[in-house]
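Listed here are the chains, written in short residue letters.
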Amino acid sequence: MGTVTVITDRSTFALGEDIFLSGKNTASCDTYLFMTGPNLPSVGGRLDNPGQAVENGNPSSFMVTTGDCETWELRFNTGNLGIDFGTYTIYAVSSQSDRNHLDGTSYDTIPVSFRRSSISLTKPAQTVSKVDDLFISGTLGGDIDTGVAVWIFGRTAASGQVS
């Protein structure tokens, strides 16, 4: 019958990040992927379009990755999934079987959680004179493709450069 596995490097992602999935599939050369979770079809939703229900026996309704008939891998972007924040289950299946038809087929699941993107800043000096450089640093959680804006408020206007 063969086995199917699915792994990823972590379990929590910001919506907009790429998820790298990989695993083994010794039951078939194609691995069929879908996910379940809040407000998704109960049979599972297509991995790259979770609102679209997968159809048992219809390979084109699944996201499919072809490996070397033993291992497989996939990177997909979560930016336009149209899903809520929360915990979901990703299924990797050896046949085009939805959640209600997994008996007799090889599959594995992995939970993933989606959260908001975040920004954290290192607190800069409170007072800066006009001739001093001001350095602002921080970390960005998630893939915020719209950029980061910085506003500086003070008693007088000053010119400067943001890089």
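Source: prediction; values computed, not measured.

Caption draft 1: Local environment of the overall build of the protein. Per the secondary structure count, the protein includes 0 helices and 12 strands. In the protein, the order of α-helices and β-strands from amino to carboxyl end is β-β-β-β-β-β-β-β-β-β-β-β. Counting across all 163 residues of the protein, residues that qualify as buried make up 33%. Sequence-distant contacts, at least 24 apart, represent 63% of the contacts inside the protein between residues at least 6 apart.

Caption draft 2: Region of the structure containing the packing of aromatic side chains. Scanning the entire structure with this criterion turns up 5 aromatic pairs. A centroid spacing of 5.8 Å and a plane angle of 80 degrees characterise the contact between tyrosine 32 and phenylalanine 62, whose relative ring orientation is edge-to-face. Placement of tyrosine 32 in strand S4 (residues 30–36) and of phenylalanine 62 in the loop between strand S6 (49–53) and strand S7 (63–66) is noted, with a sequence separation of 30 residues between them. Judged by relative accessible area, which is 2%, phenylalanine 62 ranks as buried. Ring geometry for phenylalanine 34 against tyrosine 91: centres 4.6 Å apart, planes inclined by 10 degrees, an arrangement best described as stacked. Placement of phenylalanine 34 in strand S4 and of tyrosine 91 in strand S9 (residues 86–93) is noted, with a sequence separation of 57 residues between them.

Caption draft 3: How the structure looks around the nonpolar core. Ranked by internal contacts, the top residues of the largest apolar core, which has 21 residues, are Leu21, Met35, Leu47, Phe76 and Phe114. Secondary-structure elements contributing two or more residues to this core are strand S3 (18–24), S4, strand S8 (71–77), S9 and strand S10 (107–115). Not counting the four nearest positions on each side in its chain, phenylalanine 76 is found in contact with Glu17, Asp18, Ile19, Leu21, Leu47, Met63 and Leu81.

Caption draft 4: Focus on a nonpolar patch on the surface. A surface patch of nonpolar side chains, amounting to about 280 Å² of accessible area, comprises Leu121, Ile136 and Val150. With respect to the helices, strands and loops of the structure, valine 150 is situated in the segment after strand S12 (137–141). Classification of valine 150 by relative accessible area gives partly exposed; the value is 44%.

Each value, and the rule that gives it
Residues numbered from 1 in each chain as written. Predicted model: local features only at pLDDT ≥ 70, side-chain atom pairs only at ≥ 80, totals over all residues. Heavy atoms only, no water. Helix = DSSP H or I, 4+ residues; strand = E, 2+ residues; numbered from the N terminus. Buried < 20%, exposed > 50% of the residue type's maximum accessible area, 1.4 Å probe, protein only. Contact = heavy atoms within 4.5 Å. Phe/Tyr/Trp six-rings, centres within 6.5 Å; stacked < 30°, edge-to-face > 60°. Core = buried A, V, L, I, M, F, W, Y, C linked by side-chain atoms within 4.5 Å. Patch = residues over 30% accessible without salt bridge, like charges linked within 9 Å, V, L, I, M, F, W, Y side chains within 5 Å. Areas by Shrake-Rupley, 256 points an atom, 1.4 Å probe, with all protein chains shown as cover. Salt bridge = Lys/Arg side-chain N within 4 Å of Asp/Glu carboxyl O.

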